[in-house]
There are 2 protein chains.
Amino acid sequence: MPKQCATKQLQGRTYRCFFELALTVMGGKWKPIVLYHLGQAGVQRYSELKRNLPEVTDRMLTRQLRELEADGLIRREVFRQVPPRVEYSLTAQGLGLFPILVTMRDWGAGYEAAMGGAEIITGGVPEPAETEGLHPRYLSESDAAQ
Amino acid sequence: MPKQCATKQLQGRTYRCFFELALTVMGGKWKPIVLYHLGQAGVQRYSELKRNLPEVTDRMLTRQLRELEADGLIRREVFRQVPPRVEYSLTAQGLGLFPILVTMRDWGAGYEAAMGGAEIITGGVPEPAETEGLHPRYLSESDAAQ
């Protein structure tokens, strides 16, 4: 019999189960996409991140990136050059979410197929069903975390 | 360079990446909790499900269960006896989400600890950090799916 867990609060988030915490930190419409592409690409500049999210406004993307940074999931590095270069990458915490996104992607691919396939609404390339992995820059970090 | 994926629609849901599909199907405030407890408990009656979700209204829980059933993630079985018995369990598709929830739980536990721990708001037992696994009734099904 599962027991009732305590209600907890962390950085303004209320949750009971640990996976609720994970869902609130990683969830929403844009954050998982940012995390996923950073995991695959290794490092991305703002303009590269935005290319993955053509529907998002600058205001909204900036807000998502600030929240992800404040929650310790992504790292923002500013290189003082002309013009200044700003790069985003995953922290060790953000890296820990990547395998979850990959498993969700594999599940989603299987689910879509099981439901008889989806209707294409706007153009673009079909998403590859097979797993495209973590960028090599994270591999040693990923090993170290295990 | 990640390519822009097509926008797709499946059963009224719009998404681009497969994990977006997974997030919309499993996501929300109550559904992951229902799926998680069904995975651990094997089979639950309505009253048992409700015990895991004391804040949810009957109207809301019934709606979540209908959606989960319509999406093919849970199975609802009615046993014609007096009084009638209704049991809920995971389908093979729902079962596929359980490892994701477990990984999210483990990540959430690590994240909470890394952030210096959470503040307890209401009473209850501390959630065990170690993985409590899948109910034995699903084990053969899980093997078969691999």
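So, here's what we can say about the structure. (Residues numbered from 1 in each chain as written. Chains lettered and ligands numbered in written order. Predicted model: local features only at pLDDT ≥ 70, side-chain atom pairs only at ≥ 80, totals over all residues. Heavy atoms only, no water.)

Side note on helix α2 (residues 31-41) of chain B
Residues and elements named next belong to chain B.
Item 1. For α2, the buried fraction is high: ten of the eleven residues fall into the buried class.
Item 2. Of all the residues in α2, the buried ones are K31, P32, I33, V34, L35, Y36, H37, L38, G39 and Q40.
Item 3. Following α2 by one or two positions, G42 has its phi on the positive side, about 90°. (Buried < 20%, exposed > 50% of the residue type's maximum accessible area, 1.4 Å probe, protein only. Helix = DSSP H or I, 4+ residues; strand = E, 2+ residues; numbered from the N terminus.)

A short note on the interface of chain B and chain A
Item 1. With 62 residues of chain B in contact, the opposing surface of chain A contributes 63 residues.
Item 2. Carbon and sulfur atoms supply 66% of the area buried between chain B and chain A, which totals about 5900 Å² over both sides.
Item 3. Together, B:F18, B:F19 and B:W107 form the three largest contributors to the area buried by chain B at its contact with chain A, with a combined 14%.
Item 4. Summed over the shared surface of chain B and chain A, the number is four salt bridges.
Item 5. Here chain B and chain A share 16 residue pairs in polar contact (both at pLDDT 80 or more) between them.
Item 6. Top element by residues in the side of chain B that touches chain A is helix α6 (residues 98-114) of chain B. It accounts for twelve residues.
Item 7. When its residues are assigned to classes, the side of chain B that touches chain A shows 34 nonpolar, 16 polar and twelve charged.
Item 8. Of the pairings in the sheet, the one linking strand β1 (residues 7-10) of chain A to strand β6 (residues 119-122) of chain B comprises three bridges and is antiparallel in character. Bridged to A:T7 within β6(B) is B:T122. (Contact = heavy atoms within 4.5 Å. Buried area = accessible area lost by both parts, 1.4 Å probe. Salt bridge = Lys/Arg side-chain N within 4 Å of Asp/Glu carboxyl O. Polar contact = N/O pair within 3.5 Å; in protein donor to acceptor, adjacent residues only side chain to side chain. Nonpolar A, V, L, I, M, F, W, Y, C, P; charged D, E, K, R; others polar. Pairing = 2+ DSSP bridges.)

Topic: the packing of aromatic side chains
One pair of aromatic rings is described through two measures. These are the centre distance and the angle between the planes.
Item 1. Taken as a whole, this structure holds six aromatic pairs over all chains when the rule is applied.
Item 2. Aromatic pair A:Y36 and A:F98: ring centres 5.8 Å apart, planes at 15°, arrangement stacked. Here the residue A:Y36 occupies a position in helix α2 (residues 31-41), and A:F98 occupies one in helix α6 (residues 98-114), the gap between them amounting to 62 residues.
Item 3. Here A:W107 and A:Y111 contribute two aromatic rings whose centre-to-centre distance is 4.7 Å and whose plane-to-plane angle is 15°, an arrangement assigned as stacked. With a gap of four residues between them, A:W107 and A:Y111 both fall in helix α6, about one helical turn apart. Considered together, A:W107 and A:Y111 belong to a single accessibility category, that of buried residues.
Item 4. Of the aromatic side chains, those joined through ring pairs into one cluster are A:F19, B:Y36 and B:F98.
Item 5. Taking NZ or CZ as reference, A:K29 lies 5.1 Å from the ring centre of A:W30, over its face. (Phe/Tyr/Trp six-rings, centres within 6.5 Å; stacked < 30°, edge-to-face > 60°. Lys NZ or Arg CZ within 6 Å of the ring centre and 35° of its normal.)

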